[in-house]
Amino acid sequence: MNLHERLRAIAARLCTATAMERLIDPALTDVQLEHWDAQGRPWKSRWIRLTGYLAVLKIIALCGYERTVANWRGDEGRAFARAVGFGGAAFLVTALLLISPPAVEGVPTNQLPYLLPQTLPLAIPVGVTLGVFCGLGGTFVPIRLKRATLALALAGSAGSLTATAWMIPVAGDAFMEHVRFTTGKEVTRTKGALEMTASEMRRTIGSLTQSGRRREARKMAFAYHTRWALPCAPFVLALFALAVVSRRPLRRWIPGAAACGACVSYYCLLAVADIVTRRTVLPIAAFVWLPNLAFVGASAVISITEKNLKRSADA
Amino acid sequence: MTTRRPRVLTLSAKESLILELLSASNRMYGLQLVAASRRRLKRGTVYVTLGRMEEKGYINSRLEGPPSKAGGLPRRVYEPTALGLRVLKAWTSGASVLIPEFAQ
C-alpha cells in the first residue's frame, strides 16, 4: 500500500462518505496530477507531494475534529475545554517562568527568544499533566474523552520531540550567530549536547569512547537517550493522570497537588537515572526510559485495580 | 400565527473571493482557484470552504471525466449558481454602501 492509499484508508475511517467525496478525493487527485506534471523535476515533485499530503492531513484532522470534539455537548465538551484551558495556561506559565530573569540571569532580553525552545520539553508535560488533572479531575471521563485527551497528549509528545531533535539545536546555532553579529566577536566554543543534532551526538560518543574518555562518553550517551525518552513524557503522564482521575471524585486541591507531584516525580526519577549512570556502568538506555516505564506501569496497575474493584462491587 | 423569518445569507471573505473567481471564469478546479487567488486560498482548506458553499447553494460541483494522464482520476469542477452570483452582487454592493473606500 503506498502513501496515497494509506492516507485514503486513514481518511475513510475518520471522515464521512460525503467528506471523502467532496474533500479528500479532490485533494488527493490534485496531488497526483501535480506530481505527474512535475515529472522529470525530482525536487519539485517531492515538494508537491509534501505540501499536498500535508494539506490532506489537515483536512483529515478537520474532519476528525468535526466528527468528535465539535459535536460534544454538555459535560463532556465543558470538561475537555477545561482540560485544554488549564493545560494551555500551565504551559504558558511554565515556559515564561523558565525564561524569566531569575531563571536566566545574565542573558539580555533580546536573546531570550532563543531560549524558548529549551523550555518546551518541560513546559509541555507540565501543561498536559495539569490540564488532565485539573480539567478532568472529579468528573466521569468517558472513553471518547480519554481518547481525545490521549490524542492531544500524543500531539504534545510530537511537539516535544520536534523541540529536542530539531528546534533546540537550531536555536542554539542561531543564538551563537546572534552573539557573533551583535558583539562582533567570533564565539569559539565546542557545542554542548543541547546544541548538537542526533548524528553529531552519536559521532561525539563514538570519538569519546575511542579516545578512552568514558565518563564524558556516558554523559553524552545519557543526553542522547534523554532526547528520545523525554518527549514521551506528555503521553505517559497523561495516561497516568487519566488512570488516577477516573477513580473517584477528588477534592479541589488534590488535582493540582497530584499534577505537581507527578511531574516532580518524573523529573526526580530522571535525575536519579542521571546520577546512577554517571557513577556506575549500568545500561544507560534502561535507566533513561525508567521514568516512562514506571508511569506506564503505575497507570496499568491503577486501571486494573479499578476494574477489579468495579467487578467485585457489581458481583 | 408565527411568521417565518427568511434565512440570513452570509458570505465570508474566502467565499466571496471564490465566487468572484468563479464568476470571471464560470468553472474551475480547486487547484485552479488556489493558484488564481494568489495564496489567499490554501489548498488544505479550499475544499472545506467549497463544500460549505455547496451546502449553502452558492456553487455546484460535478465530477468530470478522467483525463488520460496521471492514473486517469476524475476531477471535481466547480461553478457558481444563480443564488451564489446574486449573493455576491448583494454583498459587494452592500459593502460599497457601508464602506465607501471599498468601492474605490
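Residues numbered from 1 in each chain as written. Chains lettered and ligands numbered in written order. Predicted model: local features only at pLDDT ≥ 70, side-chain atom pairs only at ≥ 80, totals over all residues. Heavy atoms only, no water.

Undergrad: Which residues make up the overall build of chain A, and what are the values?
TA: Summing up its helical and strand segments, chain A has twelve helices and zero strands in all. The order of α-helices and β-strands along chain A, N terminus first, is α-α-α-α-α-α-α-α-α-α-α-α. With 315 residues in all, chain A has 39% of them scored as buried. Partitioning the contacts of chain A with sequence separation of at least 6, the portion at a separation of at least 24 is 77%. When the accessible surface of chain A is totalled, it reaches about 18000 Å², and 65% of it is carbon and sulfur. (Helix = DSSP H or I, 4+ residues; strand = E, 2+ residues; numbered from the N terminus. Buried < 20%, exposed > 50% of the residue type's maximum accessible area, 1.4 Å probe, protein only. Contact = heavy atoms within 4.5 Å. Areas by Shrake-Rupley, 256 points an atom, 1.4 Å probe, with all protein chains shown as cover.)

Undergrad: Explain the pairing of strand 3 (residues 75-80) of chain B to me, and be specific about the residues and the numbers.
TA: Residues and elements named next belong to chain B. A large share of strand 3 lies buried, amounting to five of its six residues. As defined by bridge partners, strand 1 (residues 28-29) adjoins strand 3 across two bridges and the pair is classed as antiparallel. Of the residues in strand 3, the one forming a bridge with Y29 is V77. The sheet contact formed by strand 2 (residues 59-64) and strand 3 spans six bridges and is antiparallel. Looking across to strand 3, one finds that N60 is bridged to E79. (Pairing = 2+ DSSP bridges.)

Undergrad: If you had to explain the pattern of salt bridges to someone new, which residues and values would you point to?
TA: In total, this model carries eleven salt bridges over all chains according to the counting rule given. Between B:R76 and A:E21 there is a salt bridge, with the nearest N and O atoms lying 3.1 Å from each other. Of the two residues, B:R76 is situated in strand 3 and A:E21 in helix 2 (residues 17-37); the pairing between them involves two chains. By relative accessible area, which is 7% here, B:R76 ends up buried. For A:E21, a relative accessible area of 38% translates into the label partly exposed. Across the pair B:R62 and B:E79 runs a salt bridge whose closest N-O atoms are separated by 3.1 Å. (Salt bridge = Lys/Arg side-chain N within 4 Å of Asp/Glu carboxyl O.)

Undergrad: Account for the packing of aromatic side chains, with residues named and values stated.
TA: Any two aromatic rings considered together are summarised by their centre-to-centre distance and by the angle between their planes. Residues and elements named next belong to chain A. This structure, assessed with the given rule, holds five aromatic pairs over all chains. Judged by centre distance (5.4 Å) and plane angle (70°), the ring pair of Y266 and Y267 falls under edge-to-face. For Y266, a relative accessible area of 1% puts it in the buried group. Aromatic ring contacts, followed pair by pair, group F240, Y266, Y267 and F295 into a single cluster. (Phe/Tyr/Trp six-rings, centres within 6.5 Å; stacked < 30°, edge-to-face > 60°.)

Undergrad: I'd love a proper account of the interface of chain B and chain A, names of residues and values included.
TA: Every contact between the two is made by 16 residues of chain B and, on the other side, 19 residues of chain A. In this assembly, chain B packs against chain A so that about 1700 Å² is buried in total across both faces, 62% of it on carbon and sulfur atoms. Our enumeration of links across chain B and chain A arrives at four salt bridges. Between chain B and chain A we count five residue pairs in polar contact (both at pLDDT 80 or more) in total. Looking at the side of chain B that touches chain A, the elements with two or more residues in it are helix 3 (46-56) and strand 3 of chain B. Taken together, the residues of the side of chain B that touches chain A sort by class into eight nonpolar, three polar and five charged. (Buried area = accessible area lost by both parts, 1.4 Å probe. Polar contact = N/O pair within 3.5 Å; in protein donor to acceptor, adjacent residues only side chain to side chain. Nonpolar A, V, L, I, M, F, W, Y, C, P; charged D, E, K, R; others polar.)

Undergrad: Which residues make up helix 5 (residues 116-136) of chain A, and what values do they have?
TA: Residue and element names in this part refer to chain A. Helix length check: helix 5 (21 residues) gives 28 Å between terminal C-alpha atoms against 30 Å at 1.5 Å per residue, within 8%. The largest bend along helix 5 measures about 40° and falls at L122, with the proline P125 one to four residues further on. With respect to burial, helix 5 is a largely interior element, 17 of its 21 residues being buried. (Expected span 1.5 Å × (residues − 1). Bend = angle between axes of the 7 residues up to and from the residue.)

Undergrad: Explain a nonpolar patch on the surface to me, using residue names and the numbers behind them.
TA: Taken together, A:W47, A:L50, A:L54 and A:L57 make up a surface patch of nonpolar side chains, about 430 Å² in accessible area. The topology assignment puts A:L57 in helix 3 (residues 42-67). (Patch = residues over 30% accessible without salt bridge, like charges linked within 9 Å, V, L, I, M, F, W, Y side chains within 5 Å.)

Undergrad: Describe the confidence of the model for chain A, with residues and values.
TA: Summing up the model confidence of chain A, the mean pLDDT is 82 and the portion of residues at 70 or higher is 88%. The element-level mean pLDDT for chain A is lowest in helix 3 of chain A, coming to 80, with helix 9 (residues 233-245) of chain A highest at 91. (pLDDT = per-residue confidence, 0-100.)

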